[in-house]
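If you want the building blocks of each chain, they are given just below.
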Amino acid sequence: MPSLIKSQFAALLPQRDAMCLLDAADSWDSGSIVCSSMSHTELANPLRRDGLLPAVAGIEYAAQAMA
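The shown structure was predicted, so the numbers you read here are calculated from the model rather than taken from an experiment. (Residues numbered from 1 in each chain as written. Predicted model: local features only at pLDDT ≥ 70, side-chain atom pairs only at ≥ 80, totals over all residues. Heavy atoms only, no water.)

Student: Hey, could you run me through the pairing of strand β3 (residues 33–36) in this one?
Tutor: The side chains of a regular strand alternate, first on one face of the sheet and then on the other. Sheet topology places strand β2 (residues 24–28) next to β3; 4 bridges connect them, and they run antiparallel. By the bridge assignment, Ala24 is partnered in β3 with Ser36. Between β2 and β3, which pair antiparallel in sequence order, lie 4 residues. (Pairing = 2+ DSSP bridges. Helix = DSSP H or I, 4+ residues; strand = E, 2+ residues; numbered from the N terminus.)

Next up, the structure:
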């Protein structure tokens with residue numbers, strides 16, 4: 001199964017622009033999904049606070065993958 005890049009799935013998520021955190025859906029089946037992202041390294045990541053990305057931000061990444 002080919003991967004999907006952000007431009008192919010972004011319209012399916014309620015998050016827009018910088019809040020769309022995932023870069024690709026690399027593989028999936030009926031029970032799991034593997035996504036990739038580099039947005040956690042970006043200084044402009046909207047979830048950063050005082051220059052740090054808190055661990056709780058992982059929940060948003062997971063929620064977007066599940067969506």
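Student: Honestly, the sheet that holds strand β1 (residues 4–5) in this entry has me stumped. Any pointers?
Tutor: Neighbouring strands of a sheet are bound in pairs by backbone hydrogen bonds; such pairs are parallel or else antiparallel. In space, the 3 strands of this open sheet follow the order β1-β2-β3, with antiparallel pairing throughout. The two strands at the open ends of the sheet, each matched to only one other strand, are β1 and β3.

Student: Got a minute to help me understand the side chain of Ser37 in this structure?
Tutor: Take Ser37: it is sitting in the loop between β3 and α2 (57–66). Overall, Ser37 belongs to the buried group, its relative accessible area being 16%. Here Leu21 takes part through its backbone oxygen, which lies 2.6 Å from a polar atom of the side chain of Ser37. The contacts of Ser37, once residues within four sequence positions are left out, are Leu21, Leu22, Asp23 and Tyr61. (Buried < 20%, exposed > 50% of the residue type's maximum accessible area, 1.4 Å probe, protein only. Polar contact = N/O pair within 3.5 Å; in protein donor to acceptor, adjacent residues only side chain to side chain. Contact = heavy atoms within 4.5 Å.)

Student: Would you mind going over the nonpolar core with me for this structure?
Tutor: Soluble globular proteins: nonpolar side chains tend toward being buried together. Grouped together as the largest cluster of nonpolar side chains are 9 residues: Phe9, Leu13, Cys20, Leu21, Leu22, Leu47, Ala57, Tyr61 and Ala65. No other element matches α2, which puts 3 residues into this core. (Core = buried A, V, L, I, M, F, W, Y, C linked by side-chain atoms within 4.5 Å.)

Student: For this particular structure, what's the right way to read the pattern of salt bridges?
Tutor: Where side chains of opposite charge bring their charged atoms close, a pairing between them can arise. Going through the model one piece at a time under the given rule, you end up with 1 salt bridge. One salt bridge connects Asp23 with Lys6, and the closest N-O pair in it is separated by 3.9 Å. One end of the pair, Asp23, is in the loop between α1 (6–9) and β2; the other, Lys6, is in helix α1, with 17 residues separating them in the sequence. Residue Asp23 is classed as partly exposed on the basis of its relative accessible area of 29%. (Salt bridge = Lys/Arg side-chain N within 4 Å of Asp/Glu carboxyl O.)

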